[in-house]
Structure formats: structure tokens, C-alpha cells
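Observations on the model geometry
Chain residues, written in single-letter form:
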Amino acid sequence: DAMVIQNPRYQVTQFGKPVTLSCSQTLNHNVMYWYQQKSSQAPKLLFHYYDKDFNNEADTPDNFQSRRPNTSFCFLDIRSPGLGDAAMYLCATSRARGAYEQYFGPGTRLTVT
Amino acid sequence: KNEVEQSPQNLTAQEGEFITINCSYSVGISALHWLQQHPGGGIVSLFMLSSGKKKHGRLIATINIQEKHSSLHITASHPRDSAVYICAVRLNNAGNMLTFGGGTRLMVKP
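The present account deals with the structure reproduced in this document. (Residues numbered from 1 in each chain as written. Chains lettered and ligands numbered in written order. Predicted model: local features only at pLDDT ≥ 70, side-chain atom pairs only at ≥ 80, totals over all residues. Heavy atoms only, no water.)

1. Overview of unusual backbone geometry
In this chain, Asn7(A) is followed by Pro8(A) through a cis amide linkage whose omega measures -10°. Its place among the elements puts Pro8(A) in the loop between strand S1 (4-7) and strand S2 (10-13). The peptide bond linking Ser7(B) to Pro8(B) adopts the cis configuration, its omega dihedral lying at -10°. Counting through the fold element by element, Pro8(B) comes out in the loop between strand S1 (4-7) and strand S2 (10-14). With phi around 60°, Asn28(A) is a residue other than glycine that occupies positive phi space. Within the element layout of this structure, Asn28(A) appears in the loop between strand S3 (19-25) and strand S4 (31-37). The phi torsion at Ser40(A) lies on the positive side, around 65°, for a residue other than glycine. (Helix = DSSP H or I, 4+ residues; strand = E, 2+ residues; numbered from the N terminus.)

Laid out in C-alpha cells, this is it:
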């Protein structure tokens, strides 16, 4: 049974055209994370939500925004995608802050043309 | 120097071989994760450890807190084990952030 679901799995967008990636979870976890992973690199944390509390990483570009309308859903909005934003975007959840296991979704591979 | 170092970076094995992947870290941690990522795919969490040893099927993970070292072992390896294995640690006082190792790319040949 899928626990962390990401839609779509593959997304193609044009340079500068806003795009939204979706993540949902059936675990009722308090924390949801968005990571960016470029080819052959480790995932990079963009931001996370602890419940409704939004936590942005210091080096996350302003071009990246997030929304969490309820416990189950979290969205990643890229306002004006550039070619350098092409990557795999991974959503993850954990029960709470601290040393809890993170459960990852399958990822959305974003292509920018 | 990276806070999390994995070795080897690349590993090729024959089906059936016993495989060990190592992870060393240089600072205090509250937990260590082993993750698996198949080519072009998402990440699967294999283990989270804060002490001792865990086993799941053919996979075994150990951690030595004093030596700041963890190992992931795969017994009776199979071509479907071919993937990138990533060690990630939660540093003390780092909140929810995971610090990732560079990954070990494993290929198991039939």
C-alpha cells in the first residue's frame, strides 16, 4: 500500500512556466519534507513542514515555495522554472521532529525545456 | 572533509556474494539511516539505527557509536540488489536535517 504518493511521476514544463508538484501521505505524519536531487548528487533539503509550521532552508531559492493545506497534502510550487531546476523532487514524511524514520515517496522527475 | 563518508563509491559483485558497504561520520549523531535508490527511482528507507544491529531479510545494518561507523551487509546478493545505497545521518542539534553520504553504487552481475 502506497504511503507517500507523488504526482505526477514525470513532469515536463517550459522555461519560466510555473509548475506544481504534489505529495500526499496516508501515514498521518506531522512532518513533510521536500528534497531536490540532481543527477548523481545526494538529495538536498529544500524545506519542511512540522504540522503547519513552515521551515525553509537558508539556501533554498525564493523561486521555490510550498503549501500544506492539511496533514495529508503538501505541494511544491516552482514559480519560474529555470533549466537548472531540472531534477528529481522527493517528498518524505516522518512522524515527528527528531530521530524518526523518514518515509520517501517515489519522486517526481522534472524536465524543463 | 565531508561529515559523512561512504566506501566504496562503486562496487561490482557476482550474484551470491556477501557485500559490505561502509559509512563513517565525524560528528555526534542521533540516528543513522541506510537508504536505497534504484536507477531513476525514488528512495526507500532500509534502516534507521541509533545503536546495535538490525536485520531485515538479507540485509543487515550495524552501527558502532564509539567508532562513528556503520556497515550495511547484503547476504546472498542478487542482481535486483543493484542500486545506490546511501548513508544519511541526523546530526545532534540539527533538527530534522539529514546529512547524506555520497552513496555507493552497487552492481550485482548474474
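There's more to say after this.
2. A short note on the pattern of salt bridges
All names here are of chain A. Under the counting rule described, the total for this entry stands at three salt bridges over all chains. In this structure, Lys44 and Asp59 form a salt bridge, with 3.4 Å as the shortest nitrogen-oxygen distance. In this pair, Lys44 sits in strand S5 (residues 44-50) while Asp59 sits in the loop between strand S6 (53-56) and strand S7 (64-67), placing the two residues 15 residues apart along the sequence. By relative accessible area, Asp59 is classed as exposed at 52%. (Salt bridge = Lys/Arg side-chain N within 4 Å of Asp/Glu carboxyl O. Buried < 20%, exposed > 50% of the residue type's maximum accessible area, 1.4 Å probe, protein only.)

3. Some details on the sheet that holds strand S8 (residues 73-78) of chain A
Residues and elements named next belong to chain A. Spatial ordering of the open sheet is given by S1-S3-S8-S7, a layout of four strands whose pairing is antiparallel. Edge positions in the sheet fall to S1 and S7, since each has one partner strand and no second. Sheet twist, expressed as the average angle between the axes of neighbouring strands with direction ignored, equals 20°. Note: S3 against S8, six bridges, orientation antiparallel. Within the sheet, the bridge partner assigned to Leu21 lies in S8 and is Leu76. (Pairing = 2+ DSSP bridges. Axes fitted to C-alpha atoms, helices over the stretch in contact; angles between N-to-C directions.)

4. Digging into the sheet that holds strand S6 (residues 52-56) of chain B
All names here are of chain B. Read from one edge of the open sheet, five strands run S1-S3-S8-S7-S6, paired in antiparallel fashion. Where the open sheet ends on each side, the last strands, each with one partner, are S1 and S6. For this sheet, the mean angle separating the axes of adjacent strands, direction not counted, is 15°. Bridge count for strand S3 (residues 19-25) against strand S8 (residues 69-74) is six bridges, and the pairing is antiparallel. The residue bridging Thr20 from the neighbouring strand is His73, located in S8.

5. Notes on the state of the cysteines
Residue and element names in this part refer to chain A. Evaluation of the coordinates by the stated rule reveals two disulfides over all chains. Across the disulfide from Cys23 sits Cys91; the S-S distance is 1.9 Å. Between Cys23 and Cys91 the disulfide shows an S-S torsion of about -70°. By sign, it is left-handed. Taken as a pair, Cys23 in strand S3 and Cys91 in strand S9 (residues 87-94) lie far apart in primary sequence, 68 residues in all. Overall, the relative accessible area of 0% leaves Cys91 in the buried class. (Disulfide = S-S within 2.5 Å.)

6. Topic: the environment of Asp51(A)
All names here are of chain A. Within the element layout of this structure, Asp51 appears in the loop between S5 and S6. Judged by its relative accessible area of 40%, Asp51 is partly exposed. Note: C-alpha distance between Asp51 and Arg68 (17 residues apart in sequence) is 8.5 Å. Dropping the residues within four chain positions of it, Asp51 is found in contact with Asn30 and Arg68. (Contact = heavy atoms within 4.5 Å.)

Geometric values such as these leave the question of function open.
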